[in-house]
Amino acid sequence: MTSTTSTAPRTASYAANLRDQFVITASELIRTDPQVAVVLAEITAAQFGPVAADHPERVINVGIREQLLVSAGAGLALAGLKPIVHSFGAFVIERAWEQVKLDFGHQDVGGVLVGAYGSYDWPAGGRTHQAPGDVALLDTLRDWTIQVPGHPAELDRQLRRAVRGTGRTYLRVGDGQNPEPYLEDGLIPIRRGRRGTVVAVGPTLHKTLAAVADLDVTVLYASTVRPFDGTTLRRTLAAPNVIMVEPYLAGTSAAEVARVLADLPHRQLGLGVGDPDSHRYGEPEDHDRLHGLDPAGIRASISRFLEPA
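Keep in mind that what you see is a predicted model, and the values were worked out from it rather than measured. (Residues numbered from 1 in each chain as written. Predicted model: local features only at pLDDT ≥ 70, side-chain atom pairs only at ≥ 80, totals over all residues. Heavy atoms only, no water.)

1. Focus: the pattern of salt bridges
Summed over the entire model, instances satisfying the criterion amount to 18 salt bridges. Here Arg58 and Glu57 are joined by a salt bridge, their closest N and O atoms 3.7 Å apart. Ionic pairing is found between Asp139 and Arg226, a salt bridge with its closest N-O pair at 2.8 Å. Taken together, the positions of Asp139 in the loop between helix H6 (134-138) and strand S5 (144-147) and Arg226 in strand S10 (residues 224-226) put the pair 87 residues apart, joining distant regions of the chain. Asp139 gets classed as partly exposed once you look at its relative accessible area, which sits at 31%. (Salt bridge = Lys/Arg side-chain N within 4 Å of Asp/Glu carboxyl O. Helix = DSSP H or I, 4+ residues; strand = E, 2+ residues; numbered from the N terminus. Buried < 20%, exposed > 50% of the residue type's maximum accessible area, 1.4 Å probe, protein only.)

Have a look at this one:
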């Protein structure tokens, strides 16, 4: 087994977590670009207080009205501004789904949707605040870039690039993170092996690496999941076994893997959130164990998958 590590830059200081970094980066963008506007629905409004005091016309809090939140963002885009629309993922994607589909997609306008606390990052909020199906929902629409940063430095880079662009981006901001950032595009090779390829998405990387420490597998890291980097997957594929480790609904990327490898006989395993309505609270680590997304669960699933027939 050979091992290669992607160069993770030693960066300047970043926030301790992804949500704080989002506020820092978005606030700086508001101050430096007169076209950038942030639309909120109460959530995180207090953290945006300082920049809102200086630029009240571009920090807009619509209250607990998530459908209006997304529609207002699309309206700002139609008016020539660069909207950043933010709430919990369950609210900005699921509760306002019709507005995402029509006001942004059907009208073909650009903007950035930032969904926090996706699958079970805040278990105390219960099922109403969980959205493990958010990426699967967006897969039913066209032309969305979907990014799942695993480190504050990655979020900073992705948000800045999304605001500079003209397309539609969903930035999925979870609560967990990896110890180091990987500031490259596409699927990033972390290590090489011969028995299969494991694609770890966003904040699942550090748990995945712990799980496969002594397994002869390739590990690729993805913080951008759509568009899916099929070129790198094919180029690095040493054996026709692909395991996706995703922090949202298990099997979300199965169709993407099947499309990329349509001409090759292959097997695939999707690890992620199982039955999302678990009627359990506890801590995120408890839910990791429940869904098999802790290192022990990931290792057990991959080992069974790779067992000889």
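Back to the text.
2. Brief notes about the pairing of strand S12 (residues 267-273)
Pairing of strand S11 (residues 241-249) with S12 involves 6 bridges; the strand directions are parallel. Within S12, the residue paired with Met244 across the bridge is Gly270. Each parallel crossover has a hand, and the one from S11 via helix H10 (residues 254-260) to S12 is right-handed. (Pairing = 2+ DSSP bridges. Right-handed = clockwise from strand over helix to strand, strands pointing away.)

3. With respect to the sheet that holds S11
The strands that make up a sheet pair up through hydrogen bonds in the backbone, lying either parallel or antiparallel. Here we have 5 strands laid out as an open sheet, ordered S7-S9-S8-S11-S12, and mixed in their pairing. What marks the edges here is a single partner per strand, and that holds for strand S7 (188-191) and S12. Across the sheet, the axes of successive neighbouring strands diverge by a mean angle of 25 degrees, strand direction being ignored. Those strands touched by helix H12 (residues 295-306) are strand S8 (197-201), S11 and S12, and its axis lies near 165 degrees from that of S12. (Axes fitted to C-alpha atoms, helices over the stretch in contact; angles between N-to-C directions. Contact = heavy atoms within 4.5 Å.)

4. Observations concerning the confidence of the model for the protein
Chain-level pLDDT for the protein is 94 on average; 96% of the residues reach the 70-or-more range. Note that pLDDT drops below 50 for residues 2-11; the model gives that stretch 27 contacts with residues more than four away or on any other chain. (pLDDT = per-residue confidence, 0-100.)

5. Observations concerning the packing of helix H3 (residues 66-78) against helix H5 (residues 97-106)
At a minimum axis distance of 9 Å, the contact between H3 and H5 shows a crossing angle of 10 degrees. Of the possible angle classes, the one that applies to H3 and H5 is roughly parallel. Facing H3, whose interface residues are Gln67, Val70, Ser71, Gly73 and Ala74, H5 presents Gln99, Val100, Asp103 and Phe104. In terms of residue class, the contact of H3 with H5 is built from 4 nonpolar, 4 polar and 1 charged. (Parallel < 35°, antiparallel > 145°, perpendicular 65-115°, else oblique. Nonpolar A, V, L, I, M, F, W, Y, C, P; charged D, E, K, R; others polar.)

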